[in-house]
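What follows is the residue order along each chain.
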Amino acid sequence: MKKSVLLIGIDGASWDLITPWILEDKLPTLKRLYEEGVCGNLKSTIPPESGSAWVSLATGKNPGKHGIYGFMTSGKLINATQVKTKRIWHKLTEHGKRSCIINIPVTYPVEEINGYMVSSFLTPADEKVYSYPPELMDSLKRNDYKIDVKYERYGFMPDQRDIIEKRGELKKQLYDIMEKRYLTVKEFMDEKWDLFMINFKECDEFQHLFWDEKETILEFFQKLDSYIDNLINKFKEKNPNAFVLIVSDHGFASSPNRVFNLRVWMQQKNILYDKRTMIQKIVPPVYRKLTKIPFFSFISKSNKFKETREKFHRDSIESTPVYYKESGIYLDKNVYSGEEYEKLRGRIISELKEVKDPSTGEYVFKILGKNENIYFGPYANYGPDIIALSKHNYAASFSYESNELFDDIHLNIPGRHFSEIYGIFIASGDDIKTGKFNGLSILDINPTICHILDIPLDKDCDGQVLRTIFKIESPYYSKETKYSEEIQEKQKIKDALQKIKL
Ligand SMILES: [Zn+2]
């Protein structure tokens with residue numbers, strides 16, 4: 001019998017948060033799925049950011065093969081044209097199967113596929129057409145569909161300065177966005193689909209904003225739990241043999257309250273050789289002082305001030321031969337090569353492993369490793385030379401504005417996920433076993449969907465078919481894994497689209 005897959009993303013959900021609610025019967029749909037099917041931790045990418053994680057989910061490959069590490073590159077937002085390899089909907093299109101892809105990160109600009117696509121966050125706020133086919137915009141408009149919250153923005157990023165005071169308003173918007181998204185996708189389920197993927201990205205935003213109010217998050221998740229029940233029922237009307245997968249792309253934790261300055265540490269260790277210009281040395285402490293002077297604090301709140309301050313910071317760090325940004329440490333290979341490069345990397349990793357906060361006695365870093373131990377593929381060099389992810393209660397910085405090695409920090413957003421690499425996985429369907437599983441990876445989703453839908457896997461796929469989630473007597477347990485020969489990828493998609501149109 002023809003099978004289909006419904007994948008629902010609860011962005012940023014973790015078992016730590018939801019297991020007690022499931023056990024207390026507070027999330028009845030998730031509880032039913034959890035009891036009827038298989039579940040386990042889903043290991044995310046490093047860094048566990050929505051951009052890289054969702055691209056890995058859709059490709060079955062590590063960032064070294066798809067090229068997406070975060071959601072910014074050289075100060076600009078990433079987009080779908082930078083993803084270097086095919087995603088699951090391209091493969092379905094090649095094989096004449098239909099997919100409906102709604103709100104999956106890094107799908108802007110939308111592409112022509114056999115099915116529907118509505119892009120996700122990172123879509124420019126002024127973009128008028130973010131659906132394929134473009135006519136789908138009519139139903140989106142009719143339903144008052146919105147991709148994400150309208151934040152006051154500082155450049156690309158949401159303005160976090162008075163976000164706590166705005167939480168009431170943002171909460172209303174997030175409920176509204178989730179409801180409109182639910183109603184819209186429900187309409188799309190009037191059709192038959194081979195693959196339907198929908199991500200409730202608003203769960204990520206909601207946890208960032210309300211991590212200090214777990215009951216508020218519970219209420220939001222309860223609303224989503226009832227929507228999920230309705231969506232599964234609706235989807236099964238047209239696709240009675242559907243597999244249901246519930247996933248998240250990473251976990252969540254509280255925001256840091258301490259900051260560790262890697263720049264100060266490297267200077268104390270005589271690792272950093274400062275090549276900055278005189279101006280680059282003078283300006284940062286002045287920026288910091290200005291924000292503290294009453295008259296200038298007004299100016300310092302302007303977007304222009306923040307943008308130039310950030311650009312200055314970027315230019316300064318990139319003019320030094322060793323610097324830290326986002327998820328790791330970068331070494332200038334024109335300065336360090338061969339044995340010297342290896343020696344320095346080894347030294348930084350082993351010494352950072354030992355770094356403890358003197359005020360708490362706690363180690364600062366959770367994940368430290370060489371690039372090649374975590375990334376592999378033609379774009380592995382896009383990632384940092386040393387991956388360095390701090391524990392959730394520590395932020396790592398590379399600031400020239402302060403000379404403190406450790407300092408207290410207060411962020412306006414209560415929740416973060418910069419080293420929370422475990423999301424959730426639930427699978428349910430007639431052929432699925434019951435029970436808990438270990439060792440599941442976000443890289444396994446693409447190959448498992450391909451296996452269910454009878455599509456050959458890419459030869460260089462990093463994930464595995466999750467064969468053990470199927471009942472032993474089901475054909476999916478015993479079915480051989482098929483791999484595709486490398487083909488003229490773009491040409492094949494074009495040919496397939498042509499055929500569908502004829
Ligand atoms: Zn996310």
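Residues numbered from 1 in each chain as written. Predicted model: local features only at pLDDT ≥ 70, side-chain atom pairs only at ≥ 80, totals over all residues. Heavy atoms only, no water.

Draft legend 1. Just the overall build of the protein chain, in detail. When you go through the protein chain residue by residue, the secondary structure sums to 18 helices and 22 strands. Buried positions account for 57% of the 502 residues belonging to the protein chain. Look at the contacts in the protein chain between residues 6 or more apart in sequence, and 73% of them connect residues 24 or more apart. For the protein chain, the accessible area works out to roughly 22,300 Å², and carbon and sulfur atoms hold 51% of it. (Helix = DSSP H or I, 4+ residues; strand = E, 2+ residues; numbered from the N terminus. Buried < 20%, exposed > 50% of the residue type's maximum accessible area, 1.4 Å probe, protein only. Contact = heavy atoms within 4.5 Å. Areas by Shrake-Rupley, 256 points an atom, 1.4 Å probe, with all protein chains shown as cover.)

Draft legend 2. Inspection of the coordination of the zinc ion at higher detail. Looking at the zinc ion, one finds its protein donor set to be Asp11 (OD), Ser50 (OG), Asp204 (OD), Asp249 (OD) and His250 (NE2), positioned 1.9 to 2.6 Å from the metal centre. Since its relative accessible area comes to 3%, Ser50 is described here as buried. (Donors = N, O, S within 2.8 Å, 3.2 Å for Na, K, Ca; no water.)

Draft legend 3. Spotlight on the nonpolar core. Core analysis: the biggest nonpolar cluster contains 60 residues, and Ile10, Ile18, Ile102, Phe188, Phe196, Phe221 and Ile246 have the highest contact counts within it. When residues in this core are grouped by element, the largest group, 10 residues, is from helix H9 (residues 214-238). Every residue in contact with Ile102, bar those within four places of it in the chain, is listed here: Val118, Tyr145, Val185, Phe188, Phe196, Met197, Ile198 and Asn199. (Core = buried A, V, L, I, M, F, W, Y, C linked by side-chain atoms within 4.5 Å.)

Draft legend 4. Focus on the environment of Val38. Summarising the element assignment, Val38 is placed in strand E2 (residues 38-43). Spatially, the C-alpha atom of Val38 lies 8.0 Å from that of Phe425, the residues being 387 residues apart in sequence. If near-sequence neighbours (up to four positions away) are discounted, Val38 is found in contact with Phe425, Ile426, Ala427, Ile432, Lys433, Thr434, Gly435, Phe437 and Ile469.

Draft legend 5. Just the pattern of salt bridges, in detail. This model, assessed by the stated rule, comprises 35 salt bridges. A salt bridge links Lys180 to Asp176, with the nearest nitrogen and oxygen atoms 2.7 Å apart. Linking Lys180 with Asp176, this pair stays in helix H7 (residues 167-188), spanning four residues, or about one helical turn. Two residues, Glu420 and Lys366, come together in a salt bridge whose shortest N-O distance is 3.4 Å. Here Glu420, found in the loop between strand E20 (415-416) and strand E21 (422-428), pairs with Lys366, found in strand E16 (residues 365-370); they are 54 residues apart in sequence, far enough to count as distant. We classify Glu420 as buried; its relative accessible area is 12%. On the basis of relative accessibility, which here comes to 43%, the residue Lys366 falls in the partly exposed class. (Salt bridge = Lys/Arg side-chain N within 4 Å of Asp/Glu carboxyl O.)

Draft legend 6. Spatial organisation of the pairing of strand E14 (residues 322-325). Relative to strand E15 (residues 328-331), E14 runs antiparallel, the two being bridged by four bridges. Paired with Tyr323 across the bridge in E15 is Tyr330. Between E14 and E15, which pair antiparallel in sequence order, lie two residues; one of them, Glu326, sits at a positive phi of approximately 55 degrees. (Pairing = 2+ DSSP bridges.)

Draft legend 7. Main features of helix H14 (residues 338-353). Helix length check: H14 (16 residues) gives 23 Å between terminal C-alpha atoms against 22 Å at 1.5 Å per residue, within 8%. Regarding H14, the residues found buried are Tyr341, Leu344, Arg345, Ile348, Ile349 and Leu352. The buried residues of H14 occupy an angular sector of 125 degrees when the element is viewed end-on, so they sit on one face. Turned more than 90 degrees away from the buried face of H14, the exposed residues are Glu339 and Lys343. (Expected span 1.5 Å × (residues − 1). Arc of directions from axis to C-beta.)

Draft legend 8. Main features of the environment of Gly415. Position of Gly415 among the secondary structure elements: in strand E20. As a C-alpha pair, Gly415 and Phe210 span 205 residues in sequence and 7.0 Å in three-dimensional space. Once you skip the residues sitting within four places of it in the chain, Gly415 turns out to touch Gln207, His208, Trp211, Phe252, Ala253, Ser254 and Ser255.

Draft legend 9. Examining the sheet that holds strand E13 (residues 258-261) more closely. Reading across the sheet, the three strands line up as E18-E13-E19 and stay open at both edges, with mixed pairing between neighbours. In this open sheet, the two edge strands, each paired with only one partner strand, are strand E18 (394-397) and strand E19 (406-408). Here the strands of the sheet are splayed against their neighbours by 25 degrees on average, with no regard to which way each runs. (Axes fitted to C-alpha atoms, helices over the stretch in contact; angles between N-to-C directions.)

Draft legend 10. Local environment of the packing of H7 against helix H8 (residues 202-210). Contact pair H7 / H8: the axes reach a minimum separation of 10 Å and the direction vectors enclose 165 degrees. For the element pair H7 / H8, the angle class is roughly antiparallel. Judged by the twist between their axes, the crossing of H7 over H8 is left-handed. Packed against H7, whose contacting residues are Arg167, Leu170, Lys171, Leu174, Tyr175, Ile177, Met178 and Arg181, the element H8 presents Glu202, Glu205, Phe206, Leu209 and Phe210 at the interface. (Parallel < 35°, antiparallel > 145°, perpendicular 65-115°, else oblique. Left-handed = near helix turned anticlockwise from the far one by under 90°.)

Draft legend 11. Geometry of the sheet that holds E14. Spatially, four strands are ordered E14-E15-E17-E16 in an open sheet, and the strand pairing comes out antiparallel. Only two strands of the sheet have a single neighbouring strand rather than two, namely E14 and E16. Going from strand to strand, the sheet's axes swing by 20 degrees on average, the running direction of each strand aside.

Draft legend 12. Seen up close, the packing of helix H1 (residues 15-23) against helix H2 (residues 28-36). Where H1 meets H2, the closest approach of the two axes is 9 Å, and the angle between their N-to-C directions is 95 degrees. One element, H1, and the other, H2, form an angle in the roughly perpendicular class. Along its contact with H1, which presents Trp15, Ile18, Thr19, Ile22 and Leu23, the element H2 presents Leu30, Lys31 and Tyr34. Looking at side-chain class alone, the contact of H1 with H2 contains six nonpolar, one polar and one charged residues. (Nonpolar A, V, L, I, M, F, W, Y, C, P; charged D, E, K, R; others polar.)

Draft legend 13. Broad picture of the side chain of Lys31. Considering the arrangement of structural elements, one finds Lys31 in helix H2. Non-local contacts of Lys31, meaning those with residues more than four positions away in its chain, are made with Ile22, Leu23 and Asp25.

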